[in-house]
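# Fold and contact review
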Amino acid sequence: MAFYLQIDLEEPEQVATNTGWGEVLDWSERLDPGAFPNFVHLCEHGWASGAALADELARAMQAAPPRSADLRRSLTGLLHLFQAAKSAEVVSLTDGLG
Amino acid sequence: MQSSGRSVSVRGGFKDGRRATGGFRDEDHPRDAKGRFAFKGGSSARTVGVGRGPQRVAEQQPTPSQKAMLAKQSAKHVGKEIQRYSEEHNEPILAQGLKGGGHNALSLRDNEPVDVVRTQAGKITDGIELKTMTVGGNDKITMKASAQARKAAWMQENGADFHTVIFDDRKVFNAHGPGQHDESQRVLLYRRGFGSFRTGGMHRVADMAELRRLIEMPAAALPKAAQPSTGYAGFK
């Protein structure tokens, strides 16, 4: 089950395999939800406002550097997508089924 | 179409140094001075029985404009619970079910265009995208042209076929309450290839043995509902 990121009404873009997204979730569980509220909300509930996501993820990668190449690749791809989503009302994670 | 003949190790190592599920590298699992795993969560979460915990933040109430946008989006958003369910239940079932007859099957990490690969003698023969349906109404696969191009490129690069498998678990997931699933109600759907299509038109598969047969079958011999779209350039 690949995971896709949808920014407002743009077509979804793949961000990770299911197992790859599981690694992102494992990593997100090490983060303080108070410091990274939007990113943690996206991980846990599948959607968030786009404005702060790029900043939060960049800071999170500094605070808790990814230890595997797979995870680093997934997070870097996610960061690029977040940078294009700063004015988005909603960024959501989907499995491509609608 | 020629196969690249690219080979992989199926014992933890993977092409380009990437790993498949099941591989364990000590450097990925830092430990403290006493040799204990140093961090909660991370890729060692299942190994040490921590992490993968309950949700830590309550779901926000969307603003009216966010609510409208969520309603308009083409696909349903998916939170942690569904990902965990698919990773811990369905991917292992699929990977295990695809083994046999000299084939191995592995789940992939990072952002590969496939979830599970099937290998034979260390060479990838097939890539499978697994989707899990847990709520009603989500009966269409939508895929951006660039995602389809990546999958086509992956096929060319590996000389492998591509398959879409759906576990329709709408009557399975939490059937008897939270965390209480009824595996007997699973419906398995199959179609060769990838793309945007309705799940209602896919071939209904009886069991894993039939799924293996379908995956190994030449495209022209597949049941009509399992056949790929026009333009699919497969190897079987």
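See the structure shown above.
## Focus on the overall build of chain A
Along the backbone of chain A there are four helices and four strands. Mapped in sequence order, the helices and strands of chain A form the string β-β-α-α-β-α-α-β. The C-alpha atoms of chain A give 12 Å as radius of gyration, which agrees with the globular expectation for 98 residues (13 Å, within 12%). Summarising its shape, the C-alpha atoms of chain A cover approximately 30 × 25 × 20 Å along the three principal directions.

## Focus on the overall build of chain B
Helices and strands together make up the secondary structure of chain B, namely five helices and eight strands. Scanning chain B from its N terminus toward the C terminus, one meets helices and strands in the order α-α-α-β-β-β-β-α-β-β-β-β-α. Considering only residue pairs separated by 6 or more positions, chain B has 59% of its internal contacts joining residues 24 or more positions apart. Of the accessible surface of chain B, which amounts to about 11,100 Å², a share of 51% is contributed by carbon and sulfur atoms.

## Section: the packing of aromatic side chains
Residues and elements named next belong to chain A. A complete count under the given rule lists seven aromatic pairs over all chains for this structure. Where Phe3 meets Trp21, the ring centres are 5.9 Å apart and the plane angle is 15°; that geometry is what we call stacked. In this pair, Phe3 sits in strand S1 (residues 3-7) while Trp21 sits in helix H1 (residues 18-28), placing the two residues 18 residues apart along the sequence. By relative accessible area, Trp21 is classed as buried at 1%.

## Here we look at helix H3 (residues 53-63) of chain A
Residues and elements named next belong to chain A. What H3 keeps buried is the set Leu53, Ala54, Glu56, Leu57, Ala60 and Met61. The arc enclosing the buried residues of H3, seen along the axis, measures out at 165°, which places them on a common side. Exposed and oriented more than 90 degrees from the buried face of H3 are Gln62 and Ala63. Tucked inside the fold, the buried residues of H3 contact H1, helix H2 (37-45), strand S3 (47-48), helix H4 (69-83) and strand S4 (91-94).

## As for the pairing of S4 of chain A
All names here are of chain A. Burial along S4 is two-sided: the residues Val91 and Leu93 and Ser92 and Thr94 are all buried. Of the strand pairs in this sheet, S1 and S4 are connected by four bridges, and their pairing is antiparallel. Each bridged residue has a counterpart across the sheet, and for Tyr4 the counterpart in S4 is Thr94.

## Observations concerning the sheet that holds strand S3 (residues 123-133) of chain B
All names here are of chain B. Spatial ordering of the open sheet is given by S1-S2-S3-S5-S6-S8, a layout of six strands whose pairing is mixed. Each having just a single partner strand, strand S1 (103-107) and strand S8 (203-205) make up the two edges of the open sheet. Strand-to-strand twist in this sheet, taken as the mean axis angle between neighbours without regard to direction, amounts to 30°. As defined by bridge partners, strand S6 (residues 187-192) adjoins S8 across three bridges and the pair is classed as antiparallel. Residue pairing in the sheet places Leu188 in a bridge with Val205 of S8. Contacting S1, strand S2 (116-120), S3 and strand S5 (161-168), helix H3 (residues 80-97) crosses the sheet at an angle of about 140° to S3.

## Re the interface of chain B and chain A
In this assembly, 71 residues from chain B lie in contact with 49 residues from chain A. Here chain B and chain A share an interface that buries about 5,300 Å² over both sides, 48% of which is from carbon and sulfur atoms. Here chain B and chain A share five salt bridges between them. Among the ionic pairs, Asp26 of chain A bridges to Arg84 of chain B, the shortest N-O distance being 3.0 Å. Where chain B meets chain A, there are 25 residue pairs in polar contact (both at pLDDT 80 or more). For the side of chain B that touches chain A, the elements supplying multiple residues, two or more each, are helix H2 (64-72), H3, S3, strand S4 (140-141) and helix H4 (145-158) of chain B. Per-element accounting of the side of chain B that touches chain A gives the leading share, seven residues, to H3 of chain B. Within the side of chain B that touches chain A, the residues separate by chemical class into 21 nonpolar, 26 polar and 24 charged.

## Observations regarding the nonpolar core
Grouped together as the largest cluster of nonpolar side chains are 39 residues, with contacts concentrated most on Trp21, Trp27, Phe39 and Phe82 of chain A. Among the secondary structure elements, those contributing two or more residues to this core are S1, strand S2 (13-16), H1, H2, H3, H4 and S4 of chain A together with H3 of chain B. When residues in this core are grouped by element, the largest group, six residues, is from H4 of chain A. In this view, Phe82 of chain A contacts Leu5, Phe39, Leu42, Leu53, Ala54, Leu57 and Val91 of chain A; residues no more than four positions away in its chain are not counted. If you look at the next biggest cluster of nonpolar residues, it comprises 23 residues, including Val114, Met133, Met143 and Ala147 of chain B.

## Overview of H1 of chain A
Of all eleven residues that make up H1 of chain A, eleven are buried, and the element is covered over most of its length. Those residues of H1 of chain A not exposed but buried are Asn18, Thr19, Gly20, Trp21, Gly22, Glu23, Val24, Leu25, Asp26, Trp27 and Ser28 of chain A.

## Notes on the sheet that holds S4 of chain A
Pairing between sheet strands relies on hydrogen bonds along the backbone, with the strands arranged either parallel or antiparallel. Residues and elements named next belong to chain A. In spatial order, the strands read S2-S1-S4-S3; together these four strands make up an open sheet with antiparallel pairing. For this open sheet the edge positions go to S2 and S3, each flanked by a neighbour on one side alone. As paired strands, S1 and S2 are joined by three bridges and run antiparallel to one another. Across the sheet, the residue bridging to Leu5 is Glu13, located in S2.

Rules and cut-offs
All residue numbers here refer to positions counted from 1 along the written sequence of the relevant chain. Lettering for chains starts from A, numbering for ligands starts from 1, and both go in the order in which the items are written. Local features in this predicted model are restricted to residues of pLDDT 70 or higher, and side-chain atom pairs are both shown and tallied only at a pLDDT of 80 or more, whereas totals for entire chains, interfaces and linings draw on every residue. Heavy atoms throughout the structure, all of them, feed into the side-chain values; hydrogens and water do not. Numbering goes from the N terminus for both helices and strands, where a helix is a DSSP run of H or I of at least four residues and a strand is a run of E of at least two. Note on method: radius of gyration uses C-alpha positions; expected globular size equals 2.2 Å times residues raised to 0.38. Residue contacts are counted whenever heavy atoms from the two residues lie within 4.5 Å of one another. To be clear on the numbers: accessible area is Shrake-Rupley with a 1.4 Å probe, and residue cover counts the displayed protein chains and nothing else. Pairing of aromatic rings covers Phe, Tyr and the six-membered ring of Trp, with a centre-to-centre limit of 6.5 Å; geometry is then stacked below 30 degrees between planes, edge-to-face above 60, and tilted otherwise. Only protein chains enter the area calculation, which uses a 1.4 Å probe; residues under 20% of their type maximum are buried, those over 50% are exposed, and those in between are partly exposed. Throughout, the arc means that of the directions going from the helix axis to the C-beta atoms. Here, strands pair whenever DSSP counts at least two bridges between them. The axes used here are C-alpha line fits, helices contributing only the stretch in contact, and every angle between their N-to-C directions lies in the interval 0 to 180 degrees. Buried area: the accessible surface (1.4 Å probe) lost by two parts on joining, summed over both. The rule for a salt bridge is simple: a side-chain nitrogen of Lys or Arg has to be within 4 Å of a carboxyl oxygen of Asp or Glu. Contacts described as polar in this section are N or O atom pairs within 3.5 Å, which, within protein, must combine one atom able to donate a hydrogen with one able to accept it, while residues neighboring in sequence count only if both atoms come from side chains. Charged means Asp, Glu, Lys or Arg here, nonpolar means Ala, Val, Leu, Ile, Met, Phe, Trp, Tyr, Cys or Pro, and polar covers whatever is left, Gly included. Residues belong to one nonpolar core when they are buried, are Ala, Val, Leu, Ile, Met, Phe, Trp, Tyr or Cys, and are joined through side-chain atoms within 4.5 Å.

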